[in-house]
Every structure is written in structure tokens, then in C-alpha cells.
Amino acid sequence: HLVECGEVRGQPLLFPPTLVDHTMSPPIAITQLPCIMQYLGEKHGLAGNSLQDRTRALQIAMTWNDLLAEAMNVFHPVNWHDSYQSQKAEAQPYIEKFLASRLSAFLQFFEDNLKINDGGKGFMIGSSLSFADVAILNMLRGYRGSATQHFQDNQEIPLLKALETRLEEEPGIKSFLGSDKTVNKFIDSFC
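Note that the coordinates shown come from a computational prediction; the quantities given were computed from them, not determined experimentally.

**Student:** Just to check I follow, could you spell out the packing of aromatic side chains for this structure?
**Tutor:** The relative placement of two aromatic rings is captured by the distance of their centres and the angle of their planes. Applying the stated criterion across every chain yields a total of three aromatic pairs. Centre to centre, the rings of Phe109 and Phe110 are 5.5 Å apart; their planes meet at 65 degrees, and the pair counts as edge-to-face. When its relative accessible area of 24% is taken as the criterion, Phe109 is described as partly exposed. By relative accessible area, Phe110 is classed as buried at 0%. Relative to Phe151, the ring of Tyr143 lies with its centre 5.0 Å away and its plane at 80 degrees, an arrangement referred to as edge-to-face. Taking the ring centre of Phe151 as reference, the NZ or CZ of Arg144 above it sits at 5.7 Å. The positively charged end of Lys161 is found above the aromatic ring belonging to Phe151, 4.8 Å away from the centroid.

Encoded structure:
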């Protein structure tokens, strides 16, 4: 259950998204997307089996969140709350610079993290699906939709592209992506 800013049973909330878990007594409210992902990952067995894996999953999710923040800034240079379409011309030089310089550092970090786990043939961490994989899938789908030609031309991330293909075939993910609960068109900001 997601809510806006405010307070839940005395627990202050700052910015969305906020997850309120009413299955807990008292309900718990969690903000910050990487924290929400970690919480849900722990609750549903998608956080990793060791402290090292759980820490790496959180590190990957937090770095993904940093990438999203930077992408939001370059796609919305005039006003963060206005649509990309309303500031497309102003955004173009920022997008070009981001794609030429900053994005590659993030992508290389993710590619290297995938590579150290079984040579990049499996998942981001451990031997099963985790919330880190979900974060990376979301990032790759957003990257492909927001900068389609750049994504297609990028030969530096073969392991990530192969991971995207594998993840899209995971039964739960495949079902979700085919449902009306997901966004299938990304046009800006990598999200």
C-alpha cells in the first residue's frame, strides 16, 4: 500500500514512494525506494542468502537510485516536476552529456557486479532472483526506452543485456510484465 507524505501511526513520512505494511502490528511505513526494495526482498526471500549478498543487493539498488536521480535531473533541467516533453529542447544538451560521460560509469559498475557473480551467467547476486535484479531490469527497460539508439549501440554491457533477456523470462516477472500493473513505455528519465 503506497501513500503520500504525512504520518502513519506517529511515524513521519517525507516523500513518496512510501510503503505501509499493514500486515505488521503496528503497521510499518518505509520510505526511500532502495529501503522499500530491501524490506520487500527480506520479506519475500529476494534479498540474498548471506550478509554479503544482502549488502551487495542494497548497494546495487542504491546505485540504481543514484542513476535515476541523475537521469531525472538531465531529462528535467528546467523544472523537475514538469514533463520531459515540456522541456525537451532544454534537456537535449544535458542528455547528450549524460549519455556520453556519466551513464557509462553506472553501467560499468553494474556490468562488473554482474560479472563477479558466476561470470555474469546468472543473477546480480547469489544464485537466485533478488531485488537487485528487479532494480537492474527496471533500469535497463528505462534506458532502452529513454535512449533507444544509445542502448542499441552500446556494446559495453553484453552481460546486462543478456540478464535483461533472462529476467524477462522469469515466470513471475514475465507475468507481471504482461499484466496491466506495469509500465511498458519509457520515454524519459530512465523510469
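**Student:** So what exactly am I meant to see when it comes to the nonpolar core here?
**Tutor:** It is characteristic of soluble globular proteins that their nonpolar side chains tend to be buried jointly. Judged by nonpolar contacts, the single largest core of 42 residues is most densely connected at Phe110, Ile136, Met139, Tyr143 and Phe190. Elements supplying a minimum of two residues to this core: helix H2 (51–75), helix H3 (88–115), helix H4 (131–146), helix H6 (158–168) and helix H7 (171–177). Once residues within four sequence positions are removed from consideration, Phe110 is found in contact with Ile60, Thr63, Trp64, Leu67, Met124, Ile136, Met139 and Leu160.

**Student:** Could you clarify how one ought to interpret the pattern of salt bridges in this entry?
**Tutor:** Charged atoms that come close allow side chains of opposite charge to pair. Inspection of the entire model under this criterion finds six salt bridges. Across the pair Asp21 and Lys43 runs a salt bridge whose closest N-O atoms are separated by 2.4 Å. Within this pair, whereas Asp21 is found in strand S4 (residues 18–21), its partner Lys43 is found in helix H1 (residues 33–43), the two being separated by 22 residues in sequence. Assessed through its relative accessible area of 37%, Lys43 is described here as partly exposed. Between Arg144 and Glu164 there is a salt bridge whose closest N-O contact spans 2.0 Å. In this pair, Arg144 is assigned in helix H4 and Glu164 in helix H6, connecting sequence segments 20 residues apart. Note on Arg144: relative accessible area 30%, which makes it partly exposed. Bridged by salt links that share partners, the residues Arg144, Glu164 and Glu168 form one connected network.

Rules used in this analysis
Residues numbered from 1 in each chain as written. Predicted model: local features only at pLDDT ≥ 70, side-chain atom pairs only at ≥ 80, totals over all residues. Heavy atoms only, no water. Phe/Tyr/Trp six-rings, centres within 6.5 Å; stacked < 30°, edge-to-face > 60°. Buried < 20%, exposed > 50% of the residue type's maximum accessible area, 1.4 Å probe, protein only. Lys NZ or Arg CZ within 6 Å of the ring centre and 35° of its normal. Core = buried A, V, L, I, M, F, W, Y, C linked by side-chain atoms within 4.5 Å. Helix = DSSP H or I, 4+ residues; strand = E, 2+ residues; numbered from the N terminus. Contact = heavy atoms within 4.5 Å. Salt bridge = Lys/Arg side-chain N within 4 Å of Asp/Glu carboxyl O.

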